[in-house]
Amino acid sequence: MSKAIPVVSIIGKQNTGKTTLIEILIPLLKKKGYRIGTIKYNVPFFQVDYEGKDTHRHYAAGADVVSISSPEKLAIIKRGGGKSPSIKTLIETNYRDVDVIFVEGYKHWNYPSIEIQQDQQHMISKNKEYKHRLRITNTAKTSSHAPSFTQDDLDKAIHFIESKMM
């Protein structure tokens, strides 16, 4: 039996910078040689295929599984049967070749997590030490509207993630 792949949830309220943090962490971890998977979970509806494309036509005709591939990408569209697969099922069937998986937007799973908060004061008042949770703040006051993180926050996040990979 192979070793379980570590999963780290990136959690926080809407627009706190979950996606931004993942976008920053991926290249930092890739530079260290890690293979990274991500799961955006609990999205009620999404579209990866577009009307008029061959794969869309195959799916519309009733195919249960449709895939399209190239040397750079692979996409598989599979009918869900009215129910989203569990994170565990997704990992077992699609993520066996990565070193760590980030799950964004689903805080009710019992995975180690990085919680993003906007308000430093709020974070300090709730800041108990959790072995499996790291709390960081974004610094929302930047010239752009996109959340940003300090180098200290990023270093803590990388250390936390690597500790879960051991």
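Cut-off values and rules
- Residues numbered from 1 in each chain as written.
- Predicted model: local features only at pLDDT ≥ 70, side-chain atom pairs only at ≥ 80, totals over all residues.
- Heavy atoms only, no water.
- Phe/Tyr/Trp six-rings, centres within 6.5 Å; stacked < 30°, edge-to-face > 60°.
- Lys NZ or Arg CZ within 6 Å of the ring centre and 35° of its normal.
- Pairing = 2+ DSSP bridges.
- Helix = DSSP H or I, 4+ residues; strand = E, 2+ residues; numbered from the N terminus.
- Axes fitted to C-alpha atoms, helices over the stretch in contact; angles between N-to-C directions.
- Contact = heavy atoms within 4.5 Å.

A. View of the packing of aromatic side chains. In the structure shown here, the tally under the stated rule is zero aromatic pairs. Of note, Arg79 hangs over the ring of Tyr59, and the distance from its end group to the ring centre comes to 3.8 Å.

B. View of the sheet that holds strand 6 (residues 113-117). As summarised here, the arrangement of the five strands in space is 2-5-1-6-7, forming an open sheet in which the pairing is parallel. The open sheet has two edge strands, strand 2 (36-40) and strand 7 (133-137), and neither has a second partner. Strand-to-strand twist across the sheet, computed as the mean angle between neighbouring axes with direction ignored, equals 20 degrees. Examined bridge by bridge, strand 1 (residues 7-12) and strand 6 share four bridges and lie parallel to one another. Directly across from Ser9, in strand 6, lies its bridge partner Ser113. In the packing of helix 1 (residues 18-31) onto the sheet, the strands contacted are strand 1, strand 2, strand 5 (100-104), strand 6 and strand 7, and the crossing angle to strand 5 comes to about 170 degrees. On the sheet, helix 5 (residues 151-164) packs against strand 1, strand 5, strand 6 and strand 7 and is oriented at approximately 165 degrees with respect to strand 7.

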